[in-house]
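Listed below, chain by chain, are the residues.
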Amino acid sequence: MSRAAGRSWLTPSAPAALAVLRLRLPAGQLQAVLDRPLPAAGRAGVARLQDARGGLVDDVVAIRVAEDELEIIAHGGPGIRAAIDAALDAHGAAHSLPPDAGDGRWRQLAAASSPAAVRWLLTGSAGAAPFPPAFLTRPAVVLITGPANAGKSTLLNAWCGWGRALISEQPGTTRDLVEAETVVAGWRLRLVDSAGMRPTADVLEQAGQELVEGARQRADVVLCLVPPGPPVGARPGDLLVDAKADLQDGPGAAAAGRLRWSALGLPGRTRAELLAELGAAVLARLRLPPGGGAPA
Ligand SMILES: Nc1nc2c(ncn2[C@@H]2O[C@H](COP(=O)(O)OP(=O)(O)OP(=O)(O)O)[C@@H](O)[C@H]2O)c(=O)[nH]1
Ligand SMILES: [Mg+2]
């Protein structure tokens, strides 16, 4: 049974140097689109895309992806695209193929949000992503919570690499949700610092604490910092981190096998190494393979 003829742009319509198009026509009609013999199956060739009367429309690269199908790399200006559309209408390829004609990866690439997602799309095998597909198009949201003065804002600043949030020795400093981005093993993470949890009569601080509940709802993972003392505000499922670990008793604290964080580093471990461990734990929790999981 012959397949429906048609065409489908695989790249977005914004002006760009190049645009990519899938074109499906019976082989005889397909030949009429180009001024040279069609490339053999699986091969590519340079050719002129011509209108139904043989007039030049664009110089293109044509890849023969099937007997009746070409992938065409053309110039990406809006005028050229319009001229190609008009020419292909006249060749009988007027109907757009469904949006996912071909493998749809060009569309996904245009929307990819992390270098790791781009890498997987370019080099990974076909089929379902080996990570939650939501993270193809948006960064994961990581909420940093815990008691007041636990070092949450200090961690945010260390992780994003600049002084995004105010830090002070005074508990109750952060009230708003403070967001910043970092990249871990190719994955963009949206970090959200939040008001510290403690009983307080301060109305603004209470309002800040209420925001944390909403932030929990939209977080993909919650890091709860646990400084020396009893845990405050932790919930089941939170990733617990021994915070201000430089102030904690080494053997006892380390024994729990929990993540440890100190802005000052720890004996034998630099701050950067501790951050890398936190990042690896967050990626593992989110099921995000380093670098997108594509072969090196
Ligand atoms: N010893 C030690 N001090 C730290 C560490 N991290 C932060 N501090 C200090 O602890 C104090 C509080 O740090 P913040 O980052 O403002 O704490 P926070 O959790 O954001 O506090 P709130 O916003 O008030 O809830 C500051 O004086 C920091 O310099 C750490 O790992 N070790
Ligand atoms: Mg703070």
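Quick summary incoming for the structure in this document. (Residues numbered from 1 in each chain as written. Chains lettered and ligands numbered in written order. Predicted model: local features only at pLDDT ≥ 70, side-chain atom pairs only at ≥ 80, totals over all residues. Heavy atoms only, no water.)

## Regarding the overall build of the chain
For step 1, the next point in the chain: Each helix and strand in the chain was counted, giving eight helices and 11 strands.
For step 2, the next point in the chain: Taking 2.2 N^0.38 as the reference for a compact globule, 296 residues should give roughly 19 Å; the C-alpha atoms of the chain span a radius of gyration of 27 Å, well beyond that estimate.
For step 3, the next point in the chain: With the principal axes as the frame, the chain shows a C-alpha extent of 80 × 40 × 35 Å.
For step 4, the next point in the chain: Burial status across the chain gives 45% buried among its 296 residues.
For step 5, the next point in the chain: Within the chain, contacts between residues at least 6 apart in sequence are counted, and of these 53% link residues at least 24 apart. (Helix = DSSP H or I, 4+ residues; strand = E, 2+ residues; numbered from the N terminus. Rg over C-alpha atoms; globule rule 2.2 N^0.38 Å. Buried < 20%, exposed > 50% of the residue type's maximum accessible area, 1.4 Å probe, protein only. Contact = heavy atoms within 4.5 Å.)

## A short note on the environment of Val61
For step 1, the next point in the chain: As for its position among the elements, Val61 is in strand S4 (residues 56-66).
For step 2, the next point in the chain: It is 6.8 Å that separates the C-alpha atoms of Val61 and Ala74, two residues lying 13 residues apart in sequence.
For step 3, the next point in the chain: Apart from the residues lying within four places of it in its own chain, the contact partners of Val61 are Ala44, Gly45, Glu71, Ile72 and Ile73.

## Side note on the site of ligand 1
For step 1, the next point in the chain: Neighbouring ligand 1 are 22 residues, the closest being Lys152, Thr154, Gly172, Asp246 and Ala263.
For step 2, the next point in the chain: One of the backbone N or O atoms of Thr173 is found 2.9 Å from an oxygen atom in ligand 1.
For step 3, the next point in the chain: Relative to its free-state accessible area of 650 Å², ligand 1 is covered by the protein chains to the extent of 86%.
For step 4, the next point in the chain: With respect to the detected pockets, ligand 1 is housed in the largest pocket.
For step 5, the next point in the chain: In terms of residue class, the shell around ligand 1 is built from seven nonpolar, 11 polar and four charged. (Near = heavy atom within 4 Å. Polar contact = N/O pair within 3.5 Å; in protein donor to acceptor, adjacent residues only side chain to side chain. Areas by Shrake-Rupley, 256 points an atom, 1.4 Å probe, with all protein chains shown as cover. 1 Å grid on protein atoms, 1.4 Å probe; cavity = no way out; pocket = protein on both sides within 12 Å on 5 of 7 lines; lining within 4 Å. Sits in = over half its atoms within 2 Å of the grid points. Nonpolar A, V, L, I, M, F, W, Y, C, P; charged D, E, K, R; others polar.)

## Description of the nonpolar core
Soluble globular proteins tend to bury their nonpolar side chains together.
For step 1, the next point in the chain: Counting residues in each nonpolar core, the largest one holds 43 residues, and the members touching the most others are Leu155, Trp159, Leu189 and Val282.
For step 2, the next point in the chain: When contributions to this core are tallied by element, the ones reaching two or more residues are helix H4 (115-123), strand S6 (140-145), helix H5 (152-160), strand S7 (178-184), strand S8 (187-193), strand S9 (221-226), strand S10 (239-242) and helix H8 (271-286).
For step 3, the next point in the chain: Of the residues forming this core, the biggest block, six residues, is contributed by H8.
For step 4, the next point in the chain: When sequence neighbours within four positions are dropped, the list of residues in contact with Trp159 reads Thr182, Val184, Leu191, Leu223, Leu275, Leu278, Gly279 and Val282.
For step 5, the next point in the chain: With 21 residues, the next largest nonpolar core counts Trp9, Leu30, Leu38 and Ala47 among its residues. (Core = buried A, V, L, I, M, F, W, Y, C linked by side-chain atoms within 4.5 Å.)

## Description of the sheet that holds strand S1 (residues 6-9)
For step 1, the next point in the chain: In spatial order, the strands read S1-S2-S5-S4-S3; together these five strands make up an open sheet with antiparallel pairing. Taken across any chain shown, the strands that pair with only one partner, and hence form the sheet edges, are S1 and strand S3 (44-50). When strand polarity is set aside, the average angle formed by the axes of neighbouring strands in this sheet is 30°. (Pairing = 2+ DSSP bridges. Axes fitted to C-alpha atoms, helices over the stretch in contact; angles between N-to-C directions.)

## Remarks on the coordination of the magnesium ion (ligand 2)
For step 1, the next point in the chain: Taken together, the protein ligands of the magnesium ion (ligand 2) are Ser153 (OG) and Thr174 (OG1), with distances of 2.1 Å. With a gap of 21 residues between them, Ser153 in helix H5 and Thr174 in the loop between H5 and S7 connect regions that are remote in the sequence.
For step 2, the next point in the chain: For Ser153, a relative accessible area of 9% puts it in the buried group. (Donors = N, O, S within 2.8 Å, 3.2 Å for Na, K, Ca; no water.)

## Regarding H8
For step 1, the next point in the chain: Taking 1.5 Å per residue as the helical rise, H8 with its 16 residues ought to reach 22 Å, and the 23 Å between its terminal C-alpha atoms agrees with that figure.
For step 2, the next point in the chain: Of all the positions in H8, only Leu274, Leu275, Leu278, Gly279, Val282, Leu283 and Leu286 are classed as buried.
For step 3, the next point in the chain: Just downstream of H8 lies Arg287, where phi reads positive at about 60°. (Expected span 1.5 Å × (residues − 1).)

## Quick notes on the pairing of strand S2 (residues 18-24)
For step 1, the next point in the chain: Across the seven residues that make up S2, a large majority, six, are buried.
For step 2, the next point in the chain: Pairing analysis gives four bridges linking S1 to S2, with the strands arranged antiparallel. Note on S2: the bridge partner recorded for Trp9 is Leu21.
For step 3, the next point in the chain: Pairing of S2 with strand S5 (residues 69-75), which is carried by seven bridges, proceeds in the antiparallel orientation. When the bridges of S5 are listed, Val20 appears paired with Ile73.

## Details of the environment of Gly163
For step 1, the next point in the chain: Looking at the element boundaries, Gly163 is found in the loop between H5 and S7.
For step 2, the next point in the chain: Sequence-wise, Gly163 and Ser153 are 10 residues apart; in three dimensions their C-alpha atoms are separated by 9.1 Å.

So yeah, pure geometry; function would need other evidence.
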